[in-house]
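Survey of secondary and tertiary structure
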Amino acid sequence: MNILSIQSTVALGHVGNSAAVFPMQRLGHEVWPVKTVNFSNHTEYPTWRGPMLAASEIDAVITGIEEREVFPLIDACLSGYLGSPDTAEVIVNAARRVKEANPDAVYICDPVIGNKERGSFVLSEIPDLLRDTVIPVADFIIPNQWELGLLVGRELSSISETIDAARHLHPRTIVTSCEAGDGKIGMLAVYPDEVWYVETPRMGGKTVGTGDLAAALFTATHREGPKAALEHMAGTLFRMVEATVSGGLPEMPLIEKQELIANPPLRFVARLVD
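Definitions and cut-offs
- Residues numbered from 1 in each chain as written.
- Predicted model: local features only at pLDDT ≥ 70, side-chain atom pairs only at ≥ 80, totals over all residues.
- Heavy atoms only, no water.
- Helix = DSSP H or I, 4+ residues; strand = E, 2+ residues; numbered from the N terminus.
- Rg over C-alpha atoms; globule rule 2.2 N^0.38 Å.
- Buried < 20%, exposed > 50% of the residue type's maximum accessible area, 1.4 Å probe, protein only.
- Contact = heavy atoms within 4.5 Å.
- Areas by Shrake-Rupley, 256 points an atom, 1.4 Å probe, with all protein chains shown as cover.
- Lys, Arg positive; Asp, Glu negative; His and termini not counted.
- Charge placed at Lys NZ, Arg CZ, Asp CG, Glu CD.
- Phe/Tyr/Trp six-rings, centres within 6.5 Å; stacked < 30°, edge-to-face > 60°.
- Axes fitted to C-alpha atoms, helices over the stretch in contact; angles between N-to-C directions.
- Parallel < 35°, antiparallel > 145°, perpendicular 65-115°, else oblique.
- Left-handed = near helix turned anticlockwise from the far one by under 90°.
- Nonpolar A, V, L, I, M, F, W, Y, C, P; charged D, E, K, R; others polar.

1. Some details on the overall build of the protein
Of the regular secondary structure elements, the protein holds nine helices and 11 strands. For 274 residues, the compact-globule estimate of 2.2 N^0.38 gives 19 Å, and the protein sits close to it at 17 Å. Principal-axis analysis of the C-alpha atoms places the extent of the protein at approximately 50 × 40 × 35 Å. The burial tally for the protein puts 55% of its 274 residues in the buried class. A separation of at least 24 residues holds for 68% of the contacts in the protein among residues at least 6 apart in sequence. By element, 50% of the accessible surface of the protein is carried by carbon and sulfur atoms, the whole surface being about 11,700 Å². The averaged location of the 35 negative side-chain charges in the protein is 4 Å from the averaged location of its 22 positive side-chain charges.

2. What to know about the side chain of Glu-147
As for its position among the elements, Glu-147 is in helix H5 (residues 145-152). Glu-147 has contacts with Pro-111, Val-112, Ile-113 and Gly-114, leaving out every residue within four places of it along the chain.

3. Quick notes on the packing of aromatic side chains
Overall, the coordinates contain three aromatic pairs when judged by the stated rule. Where Phe-140 meets Tyr-191, the ring centres are 6.0 Å apart and the plane angle is 55 degrees; that geometry is what we call tilted. One end of the pair, Phe-140, is in strand E7 (residues 140-141); the other, Tyr-191, is in the loop between strand E9 (184-190) and strand E10 (195-201), and 51 residues separate them in sequence. Geometrically, the ring pair formed by Phe-238 and Phe-268 is edge-to-face, given 5.3 Å between the ring centres and 75 degrees between the ring planes. Of the two residues, Phe-238 is situated in helix H8 (residues 226-246) and Phe-268 in the loop between helix H9 (259-262) and strand E11 (271-272); the sequence distance between them amounts to 30 residues. Assigned by exposure class, Phe-238 and Phe-268 land together as buried. Clustering of aromatic rings is evident, with ring pairs tying together Phe-140, Tyr-191 and Phe-218.

4. With respect to the packing of helix H2 (residues 55-67) against helix H3 (residues 86-101)
In helix packing, the relevant descriptors are the interaxial angle and the interaxial distance, both defined with respect to the helix axes. At their nearest, the axes of H2 and H3 sit 9 Å apart, and the two run at 15 degrees to each other. Classed by the angle they form, the pair H2 and H3 counts as roughly parallel. Both H2 and H3 take part in a crossing whose hand is right-handed. Contacts between H2 and H3 involve Ala-55, Ile-58, Asp-59, Ile-62, Thr-63 and Glu-66 from the first element and Asp-86, Thr-87, Val-90, Ala-94 and Arg-97 from the second.

5. Structural notes on the packing of helix H1 (residues 17-26) against helix H7 (residues 210-221)
Relative orientation of the contacting elements H1 and H7 amounts to 30 degrees, with a least axis distance of 8 Å. If you check the angle between H1 and H7, you find them roughly parallel. Helix-helix and strand crossings are classified by hand; for H1 and H7 the assignment is right-handed. Of the residues in H7, those touching H1 at Ala-19, Ala-20, Pro-23 and Met-24 are Asp-212, Leu-213, Ala-216, Thr-219 and Ala-220. Of the residues contributing to the contact of H1 with H7, the split by class is seven nonpolar, one polar and one charged.

Structural data, given as structure tokens:
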């Protein structure tokens, strides 16, 4: 596939495009990255530096790609961290133009807002823009459980509540980081006619960028179907987090452990739950 990936970029570490581009390439896809911000490091560190790019600059890069007459070749468009509210319109317009050029292309939206531990780390306007403007254009969305709850306006504390919320928000929702109890963490693929669920042991610790990696893995494998995509995601994410936590590393070792992306050695079986 050819994938247009519109996300944040950091020089140090692995979040946004810095967590997504290499895994998608390692799985055999051509990736065209577009930056929404260009930071020194992710914002979980005490300080960071670098610009949040203006929407006009992001649009200029996308338009430049379009001028090469390659939009008909794009199979998937992936978006993540927006940065400024104006970027939402740029991404929506880009997804629409890609789909006009190639009706078979899909748009996958990772509605990056925050997480349960930290809360929201985006501007206050972003959640409403995602819910009302960006998500309706997407073919798939891939929030974590906390983001899904925020977008539907209620706290989610069970798998059944999460499935109901996903169905309310979007017909094809991949939910990451679902609280599963008993020291486990789950992921859901909620489609119109089926729901798949997979869970892994919870490793503990704080590994930043796993949601961005999950979105990249789903984008790279979604054509294989929800069951296969979830199992690949679970195998890679569990082993990558394990390597990060056990090694006491500040960032995921994506390059060193790249075989975990291509061929995760431990497979978790997804099951049909609805």
